[in-house]
Each structure stands twice: as structure tokens, then as C-alpha cells.
Amino acid sequence: RAHNCLHYRGESTSFPWGGPLSLRTAAGFQRREARRMKAVKAVMRSFSPSPTKKKRGSTTSDTDMDLSPKYDLLIFGASGFTGRLCAEYVASRYADKVAKFTWAVAGRSPRKLEEVVEGLGCKNLPEVVVADSENYASVHAMCKSAFVVLNCAGPFERFGTPVVEACAAIGTNYCDITGELHWVKEMESRYGKMAAKSGALIIPMCGFDSVPSDIGTFMVVLHMAEAVQQECASVKAFHHDMRGMVSGGTLSTMMGVVNRPVGELAALAPVFSDLYALNPAGGWRGGDSELWSESHVPWFDLDMMMVTTPMALAAVNARVVRRSAGALSYGSQFRYSEVFAAEWSLVDLAMGVALWLMPFVFLAAGFLPPLRWFLTKFVLPAPGQGPSKQVRESGRFKLTLVGRTAGAPGGKGG
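Here goes a summary of the coordinates provided.

Along its length, the protein chain carries 15 helices and 11 strands. In the protein chain, buried positions account for 47% of the 414 residues. A sequence separation of at least 24 residues applies to 75% of the contacts in the protein chain between residues at least 6 apart. Within the structure as shown, the protein chain displays about 20,400 Å² of accessible surface, and the carbon and sulfur contribution to it stands at 60%.

Here we come to the side chain of N151. Secondary-structure assignment places N151 in strand β4 (residues 146-151). The class of N151 is buried, set by a relative accessible area of 0%. Within the structure, N151 has its side chain in polar contact with the backbone nitrogen of A153 (distance 3.0 Å). Within the structure, the side chain of N151 is placed 3.2 Å from the side chain of Y174, a separation counted as a polar contact.

Taking strand neighbours across the sheet as the criterion, the 6 strands line up as β3-β2-β1-β4-β5-β6 in an open arrangement whose pairing is parallel. The open sheet has two edge strands with one neighbour each: β3 (127-130) and β6 (202-203).

Mapping T161 onto the fold places it in helix α6 (residues 161-170). Polar side-chain contacts of T161 include one of 2.9 Å to the side chain of W183. The residues touching T161, leaving out its near neighbours within four places in the chain, are F156, W183, M187, R190 and Y191.

We now examine the nonpolar core. Nonpolar side chains in soluble globular proteins generally cluster together in the buried interior. Ranked by size, the top nonpolar core spans 35 residues in total, and within it L74, F76, M142, C143, V149, V163 and Y174 carry the most contacts. Where this core is concerned, the elements lending two or more residues are β1 (71-76), β2 (103-107), α4 (136-144), β4, α6, α7 (181-198) and α12 (314-327). Those residues within four positions of V163 in sequence are excluded, and the remaining contacts are F76, V139, M142, C143, V149, N151 and Y174. Residues V90, A91, F101 and C175 belong to the second largest nonpolar core, which totals 19 residues.

Under the criterion given, the structure shown has 9 aromatic pairs. Taking 6.3 Å as the distance between ring centres and 45° as the angle between the ring planes, the aromatic pair formed by F300 and W344 counts as tilted. Separated by 44 residues along the polypeptide, F300 in strand β8 (residues 299-301) and W344 in the loop between β10 (335-342) and α13 (346-367) bring together distant segments of the chain. For F300, a relative accessible area of 35% translates into the label partly exposed. Given the relative accessible area of 62%, W344 is considered exposed. Three or more aromatic residues joined by ring pairs make a cluster, and in this case those are W373, F374 and F378. Here R322 stacks its cationic end above the ring of Y276, 5.7 Å away from the centre of that ring.

On to the pattern of salt bridges. Counted by the stated rule, this structure contains 13 salt bridges. In this structure, the salt-bridge partner of R190 is E186, at a minimum N-O distance of 2.8 Å. Separated by 4 residues within a single helix, R190 and E186 lie in helix α7, roughly one turn from each other. What emerges from the salt-bridge pattern is a single network uniting K236, D301, D303 and R404.

A word on the pairing of strand β9 (residues 306-309). Where a strand is regular, its side chains alternate between the two sheet faces. Note that β8 and β9 share 3 bridges and pair antiparallel. Opposite W299, over in β9, you have T308 as the bridge partner. Here β8 folds back onto β9 in antiparallel fashion, the turn holding 4 residues, of which M305 has a positive phi close to 55°. Sheet topology places β9 next to β10; 3 bridges connect them, and they run antiparallel. Residue pairing for β10: T309 is matched across the bridge by F340.

Before going further, it helps to examine the packing of helix α9 (residues 248-258) against α13. At their nearest, the axes of α9 and α13 sit 8 Å apart, and the two run at 55° to each other. Of the possible angle classes, the one that applies to α9 and α13 is oblique. As α9 runs across α13, the sense of the crossing is right-handed. Within the contact between the two elements, α9 uses L251, M254, M255 and V258 and α13 uses M358, F362, L363, A365 and G366. Split into classes, the residues belonging to the contact of α9 with α13 amount to 8 nonpolar, 1 polar and no charged.

Reading the values: rules and limits
- Residues numbered from 1 in each chain as written.
- Predicted model: local features only at pLDDT ≥ 70, side-chain atom pairs only at ≥ 80, totals over all residues.
- Heavy atoms only, no water.
- Helix = DSSP H or I, 4+ residues; strand = E, 2+ residues; numbered from the N terminus.
- Buried < 20%, exposed > 50% of the residue type's maximum accessible area, 1.4 Å probe, protein only.
- Contact = heavy atoms within 4.5 Å.
- Areas by Shrake-Rupley, 256 points an atom, 1.4 Å probe, with all protein chains shown as cover.
- Polar contact = N/O pair within 3.5 Å; in protein donor to acceptor, adjacent residues only side chain to side chain.
- Pairing = 2+ DSSP bridges.
- Core = buried A, V, L, I, M, F, W, Y, C linked by side-chain atoms within 4.5 Å.
- Phe/Tyr/Trp six-rings, centres within 6.5 Å; stacked < 30°, edge-to-face > 60°.
- Lys NZ or Arg CZ within 6 Å of the ring centre and 35° of its normal.
- Salt bridge = Lys/Arg side-chain N within 4 Å of Asp/Glu carboxyl O.
- Axes fitted to C-alpha atoms, helices over the stretch in contact; angles between N-to-C directions.
- Parallel < 35°, antiparallel > 145°, perpendicular 65-115°, else oblique.
- Left-handed = near helix turned anticlockwise from the far one by under 90°.
- Nonpolar A, V, L, I, M, F, W, Y, C, P; charged D, E, K, R; others polar.

As C-alpha cells, this is what we get:
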């Protein structure tokens with residue numbers, strides 16, 4: 001997702017292919033697309049970590065190794081539900097298989113972190129780093145010791161800001177699994193220029209929201225350019241055949257967004273109502289409108305031949321995709337929408353209804369303390385809890401993306 005952080009770094013990037021593509025001639029389009037693909041691939045390569053760690057904010061030199069971070073990767077919040085899963089994944093896939101790989105797990109409780117380390121099945125065990133988001137000195141020291149910090153400690157609005165600030169100031173690369181749209185926008189506003197100056201890559205929203213949607217749409221756009229030499233006019237994303245559960249931390253974060261004074265909710269309204277909330281101010285705006293892009297009611301889609309319902313995550317994912325669309329010039333009037341598609345079973349139909357009603361239930365809980373108490377006491381898993389191993393291993397989802405071109409060879413509709 002390197003392409004999605006170009007403007008996040010606070011840079012005003014000029015792309016070799018200029019602004020939105022035009023389709024005046026097929027030959028001209030192909031030449032522009034060739035330059036576009038070459039530039040995109042160059043951008044991707046430029047954001048890939050080099051085998052030799054470099055001094056932050058500088059080019060390689062003989063003295064760089066003396067100033068290299070101690071750890072290739074540091075997982076902050078590793079004692080939480082998702083952080084522990086990330087540590088287990090790294091232990092099984094990378095720890096013993098990548099030469100000279102160094103890593104650490106970090107958090108507030110050394111006892112809990114030691115328990116995580118003891119449960120990992122690898123020889124190259126991570127070191128333990130104690131850091132508390134309420135103690136900036138400890139966060140700064142933690143970030144300075146790593147080449148990349150993976151932040152799994154949410155809610156990020158509460159615990160994540162010092163980590164972003166430290167990484168942006170030092171030049172440490174950062175990614176997280178947040179879906180807190182308003183917080184990401186605030187972090188860019190406060191630390192975007194600082195990160196650009198230090199050379200830090202700050203890449204939020206690297207979990208289920210919003211990697212599948214963002215990368216999937218990117219692949220559709222590239223396919224149209226390479227296979228049919230056409231500009232992508234729109235992409236519709238359909239989540240279907242979903243099985244699994246949401247962790248307690250995620251649900252707690254969602255509850256926290258709406259559980260605040262009315263004045264604060266009113267202040268957040270402009271962010272959540274802006275379809276291009278993550279795009280730079282005064283920058284690209286595509287063809288999305290409230291009516292086209294944000295379906296608020298169940299519908300029947302003729303492309304999928306399924307009943308569709310709105311998804312709460314679409315509000316986040318769609319804005320990330322539109323940011324990428326503006327950064328990489330998907331098209332002057334590019335449009336994107338995302339829904340849940342219920343396959344023809346009672347389970348899917350029930351899930352569709354649940355996904356549709358979930359935001360309204362959480363919003364009501366924010367205003368009704370008895371409902372909030374009931375949900376947190378009897379319905380929702382607590383922070384730190386989540387689906388069992390059996391549920392995770394049997395979990396799945398499908399994401400189908402339907403793209404349409406602006407036109408087809410011969411002038412027919414796309």
C-alpha cells in the first residue's frame with residue numbers, strides 16, 4: 001500500500017503522467033499508460049525496504065550501520081488479542097527464515113509480554129521492550145530502536161498519537177490496523193509535514209480496513225490499463241461469503257467513537273460526511289456523490305444478482321480508495337462504492353441485516369446508557385478477547401470487485 005502514503009507524508013508529489021488521463025487517441029493512451037505503469041512500479045520499488053538498513057533521512061554511507069535501528073520490526077501492543085496474533089504470524093513466517101532478522105514485542109506489561117514470547121514457536125525469539133503510551137519518553141525510545149513499528153494498541157485515538165508523533169519526528173516507519181477515520185485525518189494534519197521531513201513512512205489502516213478494498217481496486221485499475229487500454233470509470237466492491245467474528249477491541253473502538261458528548265459528535269460530522277475526507281484539501285475530487293456512492297438501504301444488484309446491504313466499514317474503506325485514486329490518477333471522474341452482498345442463504349441474509357443495523361445500534365448506545373451497559377455486559381466481547389482459534393481457522397471472506405471502463409474499443413459503453 002505504498003502508493004497510498006504518497007501525500008500522507010506531506011509531500012506535494014508530481015507524477016510523471018501528470019493529471020487525469022484523457023482518451024483522445026488509442027496510441028496516445030498506450031504511451032501514457034506505459035509511462036504510468038513504469039512510474040507506478042518505480043514508486044513501489046522506492047518504498048520497499050532495502051536489504052541494508054539505512055540511517056534515517058539520509059543516503060547510504062559507511063557510517064550508516066553504526067546508526068541502524070536495533071530491530072527490523074517492533075510490534076507495539078503485542079499482548080493484546082491482535083498483537084499476539086501478529087507476533088505468532090511473524091514467528092511462524094519470518095523469525096527463523098529471514099537471515100539476521102531482529103524483532104521485538106512492546107507494551108506496558110513486561111509479564112504479559114513474556115507470556116507472549118513463551119508461547120511463540122520459534123528459535124529467534126523477540127526481545128521485550130516496555131513502553132507506555134502515557135510516557136512519551138518510553139515511546140520515543142521504543143520507536144528509535146526500530147526500523148518499522150507495527151502498532152496494534154487501540155483504540156488509536158487514545159493510545160496511538162504519541163507513537164505516530166515519535167515515529168514522524170525520528171524517521172521510523174509506521175503502520176497500524178486502525179479504522180478510526182477521524183484520527184487518521186488528525187494525524188496527517190499534525191504530523192504529515194514532520195514525517196516528510198524525517199523520511200518516515202506513516203501508513204495507517206493496514207488491516208481488513210482497508211487493504212483488501214484498496215489493493216483490490218488498484219489491481220482492477222491496472223488491469224484495465226494493461227489489458228484493455230482503458231481508463232477505469234468506476235469500481236464496485238462486494239463483500240460476500242463472510243464467516244468469522246470481530247474482536248472485542250474493534251467493537252470497543254467502534255463504541256468509543258459514538259460514546260462521546262453531542263458537541264464532539266457534531267465536530268466529527270464534517271469528517272464522516274465528506275466522501276473525500278482523506279484527500280488533500282483542494283485536491284482531486286472524482287465523480288462520487290452521496291446518492292451514487294453511499295448506499296444506505298438494502299438493494300438488489302444486477303451485477304452480482306444478490307441482495308446488498310450497507311457496511312459500516314465501507315465508510316472507511318471508500319475514503320482510503322478515493323485517496324489512492326487521487327494520488328495515482330485513476331480517472332478524472334472515478335467512482336467507488338462498497339457493500340455487503342448476501343448470497344442466497346438465511347445466514348448471509350441475517351448477516352446483511354446485522355451489518356446494516358450495526359451502526360444504528362452503536363449510535364443509539366452512545367445516547368442510551370442502559371443499552372450501552374447491556375451490550376458491553378452481555379453481548380460484545382471485552383477488549384483483549386476475540387474469536388477462538390477454531391473460528392479463526394474456519395473464517396473466510398470473498399471480495400468481488402466489478403470495474404467499468406469509461407468506454408470500450410469502438411465507442412461502446414464500458
